[in-house]
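In case you want the letters, here they are:
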Protein chains: 4
Amino acid sequence: MAINTQTAEELRLFINRIEALNNEKANIVADIQEVFTRAKSTGFDPKIMREIIKIRSKDKIDLEEEEYLINAYKKALGMEEDNA
Amino acid sequence: MAINTQTAEELRLFINRIEALNNEKANIVADIQEVFTRAKSTGFDPKIMREIIKIRSKDKIDLEEEEYLINAYKKALGMEEDNA
Amino acid sequence: MAINTQTAEELRLFINRIEALNNEKANIVADIQEVFTRAKSTGFDPKIMREIIKIRSKDKIDLEEEEYLINAYKKALGMEEDNA
Amino acid sequence: MAINTQTAEELRLFINRIEALNNEKANIVADIQEVFTRAKSTGFDPKIMREIIKIRSKDKIDLEEEEYLINAYKKALGMEEDNA
DNA sequence: TCAGATAAAATCGCGC
DNA sequence: GCGCGATTTTATCTGA
């Protein structure tokens, strides 16, 4: 075999570590799913919840820039702007 | 073989027809991609364009309902509503 | 506003074109659905048909992929790749 | 407003929980990144490592899938499935 | 920065 | 009708 024992062992450790972290990640993703499911069964709309979470995670400047662009495009297309 | 010639031929025709339609669909998807790419190189933001297209395809009532919910959730969380 | 008449017209053309292509795509998707429906009423199982279509589209790709993976393994083990 | 104090508190808890889990997830993703970076600086190719990890996670799934596809073919040809 | 790959999210269709 | 699984669409990430 062209690869030496030392190197093979290092690779094995890296791979194992990443696979363990991937498992942890999968567990957390499952937990998140479960919270959304419980929230839904309590009567909350998961889609709106995702919207809220997204808004809270984005900083205000980005949101304003995005909204500004949307309004500019709407106006260019002759659509009415948000006035609400 | 357990399946008769007549049936096999029918299946073959259905499959062929679907595969042809899938090809047409793939071509159209590629065309859409190309338009987005050209729009981008002209200076338009594809993400905002997608937003606009989504807004135009949704009817007004759905949008208002969604916005109403978002504001209700924001208020429940002590976040400020959109007043812009 | 940030978008002048010239630019607004360009944007309008891009959006219109994409919306038209989206409509074409929706029509084709509906056609595909209709073929599946007819096939089903003829006695074929749509799920199995989808499997067959998937297999047929993947067969060629899989062979190439397999060769690629073999080379990846070899490389990871310090063996030389096929260059043929 | 449509959401009373009790309900608002429930919503707040759900959102907080999800945001906390999202943070944990982000930390793990950062850890994974860091392992790849260290492995790369040790001389391993991250792309190949990803391939290996993918292969290892798919190996078992692929075997089950292959068997399933064989049955799909048999069924499509009117032959009986394995029931073992 | 950009295209191509990867992962996440939304949508659709089935069965219970 | 509602969750569940599969497909498709969207967003993020990586390497060139």
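Keep in mind that what you see is a predicted model, and the values were worked out from it rather than measured.

Enquirer: Honestly, the overall build of chain A in this entry has me stumped. Any pointers?
Expert: When helices and strands are counted, chain A shows 3 helices and 0 strands. The secondary structure elements of chain A, listed N-terminal to C-terminal, are α-α-α. For chain A, the C-alpha radius of gyration of 23 Å lies well beyond 12 Å, the compact-globule estimate for 84 residues. If one aligns the C-alpha atoms of chain A with their principal axes, the spans along those axes are about 70 × 40 × 20 Å. Of all 84 residues assigned to chain A, the portion counted as buried reaches 31%. For chain A, the exposed surface amounts to about 5,400 Å²; the carbon and sulfur share of it is 50%. Of the side-chain charges in chain A, 13 are positive and 17 negative, and the distance between the mean point of each set is 4 Å.

Enquirer: I keep staring at the protein's contact with DNA strand E and nothing clicks. Help me out?
Expert: K25(A), K47(A), R50(A), Q33(C), K25(D) and K54(D) make up every residue found near DNA strand E. Near the protein, meaning within 4 Å, the atoms of DNA strand E are sugar or phosphate in a fraction of 100%, with bases accounting for the rest. One of the side-chain nitrogen or oxygen atoms of K25(A) is found 3.3 Å away from a phosphate oxygen of DNA strand E. The side chain of K54(D) places a nitrogen or oxygen atom 3.2 Å from a phosphate oxygen of DNA strand E. The residue inventory of the surface near DNA strand E, partitioned by class, reads no nonpolar, 1 polar and 5 charged.

Enquirer: Help me out: how do you make sense of the environment of M79(A) in this one?
Expert: If you trace the backbone, M79(A) turns up in the segment after α3 (60-76). Residues M79(A) and N16(A), 63 residues apart in the sequence, show an inter-C-alpha distance of 55 Å. Not counting chain neighbours up to four residues away, the residues in contact with M79(A) comprise K74(A), I52(B), I55(B) and R56(B).

Enquirer: Looking at this model, I keep getting lost on the protein's contact with DNA strand F. Mind explaining?
Expert: Near DNA strand F, the surroundings consist of K40(A), R50(B), K25(C), K54(C), Q33(D) and P46(D). A share of 100% of the atoms of DNA strand F within 4 Å of the protein falls on sugar and phosphate groups. Tallied by class, the residues present in the surface near DNA strand F amount to 1 nonpolar, 1 polar and 4 charged.

Enquirer: I tried to follow the domain arrangement of chain A on my own but got confused; where do I start?
Expert: You'll often see interface size given as the accessible area lost when the parts meet. Residues and elements named next belong to chain A. Domain parsing of chain A yields domain 1 (1-44) and domain 2 (45-84). Here domain 1 and domain 2 share 0 salt bridges between them. The tally of links from domain 1 across to domain 2 stands at 0 residue pairs in polar contact (both at pLDDT 80 or more). Here the side of domain 1 that touches domain 2 is built from residues that sort into 3 nonpolar, 2 polar and 1 charged.

Enquirer: Explain the packing of aromatic side chains here, please?
Expert: For any pair of aromatic rings, the description consists of the separation of the ring centres together with the inter-plane angle of the planes. If you walk through the whole model with that rule in mind, you get 6 aromatic pairs over all chains. Between the aromatic rings of F14(A) and F44(D), the centroid separation amounts to 6.0 Å while the plane-to-plane angle is 75 degrees, which identifies the pairing as edge-to-face. A residue pair is termed interchain when its members come from two chains, as with F14(A) in helix α1 (residues 5-42) and F44(D) in the loop between α1 (5-42) and α2 (46-76). Across the pair, exposure class does not vary: F14(A) and F44(D) are buried alike. Between F44(A) and Y73(B) the ring centres are 6.0 Å apart and the planes differ by 85 degrees, which places this aromatic pair in the edge-to-face class. Here F44(A) is found in the loop between α1 and α2 (46-57), whereas its partner Y73(B) is found in helix α3 (residues 60-76) on a different chain.

Enquirer: Please explain the relation of the copies chain B and chain C as it appears in this structure.
Expert: For these two chain copies, the linking operation is a rotation about an axis paired with a shift along it. Mapping chain B onto chain C calls for a rotation angle of 180 degrees and an axial translation of 0.5 Å; the resulting RMSD is 2.8 Å. Each copy turns onto its partner about a two-fold axis. Considering only C-alpha atoms, the part of chain B nearest the rotation axis is K25(B), at 3.1 Å. When the interface residues of chain B are mapped onto chain C, 100% of them again fall at the interface, so both copies present the same face.

Enquirer: It is not clear to me how α3(B) should be interpreted in this structure. Could you clarify?
Expert: Count 3.6 residues to each turn of an α-helix, and residues three or four apart come out pointing the same way. End to end, α3(B) covers 24 Å across 17 residues, agreeing with the expected 24 Å (1.5 Å per residue, within 8%). Taken residue by residue, α3(B) has E66(B), I70(B), N71(B), A72(B), Y73(B), K74(B) and A76(B) as its buried positions. For α3(B), the elements touching its buried residues are α2 of chain A together with α1 of chain D.

Conventions used here
Residues numbered from 1 in each chain as written. Chains lettered and ligands numbered in written order. Predicted model: local features only at pLDDT ≥ 70, side-chain atom pairs only at ≥ 80, totals over all residues. Heavy atoms only, no water. Helix = DSSP H or I, 4+ residues; strand = E, 2+ residues; numbered from the N terminus. Rg over C-alpha atoms; globule rule 2.2 N^0.38 Å. Buried < 20%, exposed > 50% of the residue type's maximum accessible area, 1.4 Å probe, protein only. Areas by Shrake-Rupley, 256 points an atom, 1.4 Å probe, with all protein chains shown as cover. Lys, Arg positive; Asp, Glu negative; His and termini not counted. Charge placed at Lys NZ, Arg CZ, Asp CG, Glu CD. Near = heavy atom within 4 Å. Polar contact = N/O pair within 3.5 Å; in protein donor to acceptor, adjacent residues only side chain to side chain. Nonpolar A, V, L, I, M, F, W, Y, C, P; charged D, E, K, R; others polar. Contact = heavy atoms within 4.5 Å. Domains from an automatic or database assignment. Salt bridge = Lys/Arg side-chain N within 4 Å of Asp/Glu carboxyl O. Phe/Tyr/Trp six-rings, centres within 6.5 Å; stacked < 30°, edge-to-face > 60°. Least-squares fit on C-alpha atoms with pLDDT ≥ 70 in both. Expected span 1.5 Å × (residues − 1).

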